[in-house]
Amino acid sequence: FFLRIVRVIRVRGSTRVDGHLVFLVLLLAQIELRAEATLPVHRKTLWKRAINMRRWSRMRDAPFEISIASQPAVGVPFDITSHWHTGSISRSRERITVMETHQRMCWDFEGPLPALPAAIPDWVLGTDRCISFEEVNGGRHTRIKNVLTFSGPLGVATGLLMGSQIEEAFRRFNSGLKRRF
């Protein structure tokens, strides 16, 4: 997206890129990462397994470990440890923002762990992560979609630098769920 904007500016005769324009593009840009899988199980059954976040680490090749004090619900914070296929590990604090039973669960990044002295504002690093569940084949199968949208300058940079690792982790998560059925 960013490179396309820079090319448009150059085509119109300018060989110089205005720093303010670059910053504006980074502020407004979004990067969406996703992975999908279709599982041979009813949506309600898959939902029950997927929202049991404490058990995610028990899946074979599980990319995520969750520490959550209660059942998932809107407003509930949790800590997530991500095991990347490169061998690196990251930890962050997240908060559930949407819970639509049997349909989708979404959460936002609050900050890295150990915690920073102040929260990172969304205009600097915005995230929107959702897992959605869609019935297919008359309800006999469910399509699970993992989607993470980054926005803000740090979000765009994170998406560009970590995009392939994040999508691989989503595929591993979906595969882990698929092997359970």
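One can find the structure itself at the top, above this paragraph.
This structure is a prediction, so every number in the text was calculated from the model and none was measured.

By the element assignment, Arg172 lies in helix 4 (residues 152-179). No salt bridge forms around the buried Arg172; measuring N to O, its nearest opposite-charge neighbour Glu168 is 5.0 Å away. Non-local contacts of Arg172, meaning those with residues more than four positions away in its chain, are made with Asp61, Ala62, Pro63, His83, Trp84 and His85.

The next thing to look at is the pattern of salt bridges. Taken as a whole and judged by the stated rule, the model has nine salt bridges. Residue Arg34 pairs with Glu36 through a salt bridge whose shortest N-O separation is 3.0 Å. Residue Glu36 is classed as partly exposed on the basis of its relative accessible area, which comes to 42%. A salt bridge links Glu110 to Arg95, with the shortest nitrogen-to-oxygen separation between them at 2.5 Å. Placement of the pair is Glu110 in strand 5 (residues 104-112) and Arg95 in strand 4 (residues 89-100), with a sequence separation of 15 residues. Given a relative accessible area of 29%, Arg95 falls into the partly exposed group. It is possible to trace a salt-bridge network through shared partners that takes in Glu32, Arg34 and Glu36.

In this section: the state of the cysteines. Evaluation of the coordinates by the stated rule reveals one disulfide. Here Cys106 is linked by a disulfide to Cys130, with a sulfur-sulfur distance of 2.0 Å. In this structure the cystine formed by Cys106 and Cys130 twists about its S-S bond by roughly 105°; its chirality is therefore right-handed. You can see Cys106 sitting in strand 5 and its partner Cys130 sitting in strand 6 (residues 126-136), a full 24 residues away along the chain. Overall, Cys106 belongs to the buried group, its relative accessible area being 1%. Under the relative-accessibility criterion, Cys130 is labelled buried at 11%.

Across all of its chains, the model carries six aromatic pairs by this definition. Taking the centre distance of 6.2 Å and the plane angle of 55° together, the rings of Phe64 and Phe173 count as tilted. Here Phe173 lies in helix 4 and Phe64 lies in strand 2 (residues 64-68), a separation of 109 residues in the sequence. Connected via pairs of aromatic rings, a cluster forms that spans Trp56, Phe64, Phe78, Trp107 and Phe173.

Moving on: a positive patch on the surface. Together, Arg49, Arg55, Arg58 and Arg180 make up a region of like positive charge exposed at the surface. Turning to its location among the elements, Arg58 is positioned in the loop between helix 3 (43-50) and strand 2. We classify Arg58 as exposed; its relative accessible area is 62%.

What helix 3 keeps buried is the set Arg43, Leu46, Trp47 and Ala50. Angular distribution of buried residues about the axis of helix 3 spans 105°; they occupy a single face of the element. Where helix 3 is buried, its residues touch strand 1 (30-39), strand 4, strand 5, strand 6, strand 7 (141-151) and helix 4.

Attention now moves to the environment of Ala169. Summarising the element assignment, Ala169 is placed in helix 4. For Ala169 and Phe64, which are 105 residues apart along the polypeptide, the C-alpha to C-alpha distance reads 8.1 Å. Excluding anything up to four places from it in sequence, Ala169 contacts Pro63, Phe64 and Trp84.

About the criteria used
Residues numbered from 1 in each chain as written. Predicted model: local features only at pLDDT ≥ 70, side-chain atom pairs only at ≥ 80, totals over all residues. Heavy atoms only, no water. Helix = DSSP H or I, 4+ residues; strand = E, 2+ residues; numbered from the N terminus. Buried < 20%, exposed > 50% of the residue type's maximum accessible area, 1.4 Å probe, protein only. Lys, Arg positive; Asp, Glu negative; His and termini not counted. Salt bridge = Lys/Arg side-chain N within 4 Å of Asp/Glu carboxyl O. Contact = heavy atoms within 4.5 Å. Disulfide = S-S within 2.5 Å. Phe/Tyr/Trp six-rings, centres within 6.5 Å; stacked < 30°, edge-to-face > 60°. Patch = residues over 30% accessible without salt bridge, like charges linked within 9 Å, V, L, I, M, F, W, Y side chains within 5 Å. Areas by Shrake-Rupley, 256 points an atom, 1.4 Å probe, with all protein chains shown as cover. Charge placed at Lys NZ, Arg CZ, Asp CG, Glu CD. Arc of directions from axis to C-beta.

Purely spatial values, then, with no claim about function.
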